[in-house]
Amino acid sequence: MPLEDGDPARPRGQQVNGEVSGPPRLRGMGDLSPRGATAPSGSRTEMTAEGWKPGPALSDRDVTLGGAPQRAGQHEEALMTELSELVQKVVKSSSWWERHGVDISILACSFLLLPAGFLCLRSAQAIPFLVGVLTLGVVHHTLTVKGSHLASHNALTESKSWGKVWAIFFIELCSAFTVEQATYNHVKIHHGYTNVIGLGDSSTWKLPFLNRYVYMFIAPLAVPILTPLVALDLLRNVEWKAALRTLCCMFLGFYCHYWLLLHVSGFQSPWSALLCMLLTRSLLAHPYIHVNIFQHIGLPMFAADRKPKRIHLMSLGVLNLPRNALLDWSFGHSLISCHVEHHLFPSLSDNMCLKIKPIVSQYLKQKKLPYNEDTYSSRLQLFLQRYEELMVHAPPITELVGIQ
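Conventions and cut-offs
Residues numbered from 1 in each chain as written. Predicted model: local features only at pLDDT ≥ 70, side-chain atom pairs only at ≥ 80, totals over all residues. Heavy atoms only, no water. Salt bridge = Lys/Arg side-chain N within 4 Å of Asp/Glu carboxyl O. Helix = DSSP H or I, 4+ residues; strand = E, 2+ residues; numbered from the N terminus. Buried < 20%, exposed > 50% of the residue type's maximum accessible area, 1.4 Å probe, protein only. Contact = heavy atoms within 4.5 Å.

(A) Structural detail: the pattern of salt bridges. Counted according to the given criterion, the structure contains eleven salt bridges. A salt bridge links K309 to E77, with the nearest nitrogen and oxygen atoms 3.3 Å apart. Residue K309 is located in the loop between α10 (285-294) and α11 (310-317), and its partner E77 is located in helix α1 (residues 70-93); the two are separated by 232 residues in the primary sequence. Take K309: its relative accessible area is 35%, and that puts it in the partly exposed class.

Shown next, in the form of structure tokens:
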């Protein structure tokens with residue numbers, strides 16, 4: 001099975017989104033944010049390319065017409081090829097259960113928890129009711145974030161036909177987004193041009209007119225409302241058949257949730273059912289927003305015509321967070337503790353990203369390449385302290401010093 005996405009075509013004047021399929025990126029208003037910041041003390045994050053030990057000086061003959069060192073480019077391609085071969089051996093030796101079965105089982109278990117969640121909401125007692133809210137909230141995010149993300153990369157199955165079916169189900173029916181835009185914006189743009197300014201730089205997550213506390217702790221509650229609104233706006237960029245299919249799936253997903261709350265959970269009024277929908281769909285919206293800005297913003301950024309090769313681009317511009325049982329289940333390993341591995345090999349499932357993690361981390365460290373890791377609390381502190389610098393002002397372009 002292929003381990004890397006192909007080199008995507010450059011967008012033709014199309015507004016793009018940032019990081020994760022599922023709920024959409026919040027559209028930014030204003031300048032891009034600086035990512036070349038240093039982490040707080042105690043962080044293990046490598047923040048700039050300048051931190052590397054420079055190799056031998058390059059003469060003019062080593063530089064191509066595009067300005068990239070030819071020798072460095074060949075070396076980087078060799079590194080990526082070598083790492084891909086190591087990972088390919090692990091993939092070929094893995095069973096179907098490891099490649100797809102584990103993650104499919106997690107999604108299946110989430111579906112099986114739905115009846116219990118809706119039935120718990122029938123209780124007039126506080127504890128069973130809260131259990132129902134928590135259950136439906138976790139299930140919702142598992143389907144919309146983990147399911148949609150895996151489906152957008154066709155990581156749930158090796159069949160393209162079934163991959164399309166799962167993408168429509170998870171992205172459109174569960175997440176209220178359009179498959180074509182989610183796949184283009186996430187797979188082709190964000191993964192193809194990770195941390196490239198104006199393309200995959202996660203700038204669409206920014207709302208610079210909000211202050212740091214509103215953005216970090218209040219604005220995420222609006223994600224369930226903004227998701228369908230952004231999706232409706234993006235339908236202008238797809239064919240009418242795809243737009244009609246998306247509208248039908250969005251309506252069916254919302255109506256099924258609403259109907260179950262009225263007829264199974266026993267809500268007496270439409271407004272109480274809608275309020276419960278908002279509560280469950282925003283339960284993990286805070287870590288969802290945080291994860292998507294923590295893992296890219298604050299890291300080196302590049303110009304489109306001066307970006308390094310793939311292995312350096314991903315090792316420099318992507319960060320892993322520690323494992324967390326709740327987020328690993330709801331969002332998946334590839335979005336939490338194996339984000340570097342996911343960006344290097346995006347077609348692998350969450351479980352396979354976890355399996356190749358020791359190989360990738362050891363290889364990058366052995367080759368003196370960055371392997372960015374930091375804690376959730378450390379990143380939260382960084383963004384609260386440097387919100388204006390990271391989320392409002394324009395980012396500096398990283399100079400490719402020492403990349404050999």
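Next comes the rest of the description.
(B) Region of interest: the environment of I218. The topology assignment puts I218 in helix α6 (residues 212-218). You can call I218 exposed: its relative accessible area is 51%. The spacing of I218 and H286 is 68 residues in sequence and 8.4 Å in space, taken between C-alpha atoms. Excluding anything up to four places from it in sequence, I218 contacts Y213 and H286.

(C) View of unusual backbone geometry. A positive phi angle, near 60 degrees, is found at A176, a position not held by glycine. Its location among the elements puts A176 in the loop between α4 (160-174) and α5 (179-190). In this structure, S202 is a non-glycine residue whose phi angle is positive, near 65 degrees. Mapped onto the elements, S202 comes out in the loop between α5 and α6. Judged by its relative accessible area of 1%, S202 is buried.

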